[in-house]
Each structure stands twice: as C-alpha cells, then as structure tokens.
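For reference, the chains in residue letters:
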Amino acid sequence: MTRPGSKVGGPRLVLAFDFGTRRIGVAVGNELTASARALESLPARDGIPDWDRVARLVAEWQPDLFVVGLPLDRDDSESAMSQRARKFGKRLYGRYGKPLEMMDERGSTREAKAIARESGYRDSRKSYREQGVDGLAAVLILESWFATQEGLPARPFS
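Just so it is clear, the model here is predicted, and its values are computed rather than measured.

Caption draft 1: Fine view of the overall build of the protein. Each helix and strand counted, the protein has five helices and six strands in total. In the protein, the succession of helices and strands from N to C terminus is β-β-β-β-α-β-α-β-α-α-α. Sequence separation of 24 or more characterises 63% of the internal contacts of the protein that already satisfy a separation of 6 or more.

So this is what it looks like as structure tokens:
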C-alpha cells in the first residue's frame, strides 16, 4: 500500500531545512535508506533565503516532500522563531507545490555542535558563524523524521 503523497512503486526523495535567520541548513535523503546527507547551507537575510538558489536545489534534486525543522520551546509551545520557520515552510509549499511536514527540531543545533566538537571542530562562537553546523542539524532533523515514518520515536536531541 502506498502512503498518500508517495511515488508509486518507490520511496520519496526529501529535502530538509534547518531554518535560521542568517543561514538555512539543507539536507537530502530518501525513504529507502532512511539516511541523509548535508548539502551546502543557504545564506539568509533575516530568514529570507535567495529563492533562486532554493529553486536550483529543487530543480537539481526534484524532491517529493519538504521537511522543515520546527523550533519548539521546552513546554511544546511555539515561539517567534517557530512562526518564522512555519512561514518559510508555507513559502516552500506555495512556490513548489510539494507536500510539507514540520518536524520538532528542539536541540538539533546543540547536538550538531556536540557532534562537530567530537570530530575536532573548534569550540567558539566565531567558529560556528564561519563554518556553521546548519547542514548537520538538517541531517539530524531529516533522520529523526525518517524514524517517525517507521513508527519509531523521534531522535532525542541532547
């Protein structure tokens, strides 16, 4: 049986986004392998990406679905940043007509930084601004989304 929105006879290709006001992390993955890899992050100006670059990504990867990280507060409430992430997701949907799912991403950037530190990344604010971990955060968001599609709990970010 095919899930609504999936390709007939095959898994869906998914583009995931870790929304930020200065950079938006991007990852790509497919349901068959339930794994993801980071793509080049998109620079953003006050949360607005270069939509021409987004269009090139969509044309290159031809995703079946978008997943956008939703930064909820600890008590599950939404913040101003949550609303901005939702707005970004709605714009993706409006521009490309692809299904969109929002995914709780609490702690994904913190976990991405911890993984980067374990890999020898310099631990400083300046370092993260110069070489962001946004793509890795997008990977974590997408892999967590894949887990939920398999009926597993979402990845608990530290």
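Caption draft 2: Focus on the pairing of strand β1 (residues 13–18). Among the six residues that make up β1, six are buried, leaving the element largely enclosed by the rest of the structure. Neither face of β1 is left uncovered, since the one carrying Leu 13, Leu 15 and Phe 17 and the one carrying Val 14, Ala 16 and Asp 18 both have all their residues buried. Where β1 meets strand β2 (residues 23–30), six bridges bridge the pair, whose relative direction is antiparallel. Pairing of Leu 13 across the sheet is with Asn 30, part of β2. Where β1 hands over to β2, the hairpin turn is made up of four residues, counted between the paired strands. Looking at chain direction, β1 and strand β5 (residues 65–70) are connected through four bridges and run parallel. Of the residues in β5, the one forming a bridge with Ala 16 is Val 67.

Caption draft 3: Representation of the packing of aromatic side chains in the model. Within the structure shown, the criterion is met by six aromatic pairs. Between Phe 19 and Phe 88, the ring centres sit 5.6 Å apart and the planes meet at 35°, which makes this aromatic pair tilted. Of this pair, Phe 19 sits in the loop between β1 and β2 while Phe 88 is found in helix α2 (residues 80–96), placing the two residues 69 residues apart along the sequence. Residue classification places Phe 19 among the buried residues on the basis of a relative accessible area of 8%. An aromatic cluster is present here, built from Phe 17, Phe 19, Trp 51, Phe 66, Phe 88 and Tyr 96 joined pairwise through their rings.

Caption draft 4: Structural context of the confidence of the model for the protein. A residue-level look at the protein finds 74% of positions with pLDDT of 70 or above and a mean pLDDT of 82. Considering each helix and strand of the protein separately, the mean pLDDT is smallest for helix α4 (residues 125–130), with a value of 46, and largest for helix α1 (residues 51–61), with 97. Every residue in residues 1–6 scores below 50 in pLDDT, and together they form seven contacts with partners more than four places removed in sequence or on other chains. In the model, residues 126–130 has pLDDT below 50 throughout and makes 12 contacts with residues more than four positions away in sequence or in other chains.

Caption draft 5: Broad picture of α2. Between its first and last C-alpha atoms α2 spans 25 Å; for 17 residues at 1.5 Å apiece the expected length is 24 Å, and the two agree. Of all the positions in α2, only Ser 82, Ala 85, Phe 88, Gly 89 and Leu 92 are classed as buried. Projected down its long axis, α2 carries its buried residues within an arc of 120°, all on one side. Away from its buried face by more than 90 degrees, α2 exposes Ala 80, Lys 90 and Gly 94. Two to three positions downstream of the cap, the backbone nitrogen of Met 81 sits 3.3 Å from a side-chain oxygen, assigning the N-cap of α2 to Ser 79. Within two residues after α2, Gly 97 carries a phi angle of roughly 65°, on the positive side.

Definitions and cut-offs
- Residues numbered from 1 in each chain as written.
- Predicted model: local features only at pLDDT ≥ 70, side-chain atom pairs only at ≥ 80, totals over all residues.
- Heavy atoms only, no water.
- Helix = DSSP H or I, 4+ residues; strand = E, 2+ residues; numbered from the N terminus.
- Contact = heavy atoms within 4.5 Å.
- Buried < 20%, exposed > 50% of the residue type's maximum accessible area, 1.4 Å probe, protein only.
- Pairing = 2+ DSSP bridges.
- Phe/Tyr/Trp six-rings, centres within 6.5 Å; stacked < 30°, edge-to-face > 60°.
- pLDDT = per-residue confidence, 0-100.
- Expected span 1.5 Å × (residues − 1).
- Arc of directions from axis to C-beta.
- Polar contact = N/O pair within 3.5 Å; in protein donor to acceptor, adjacent residues only side chain to side chain.

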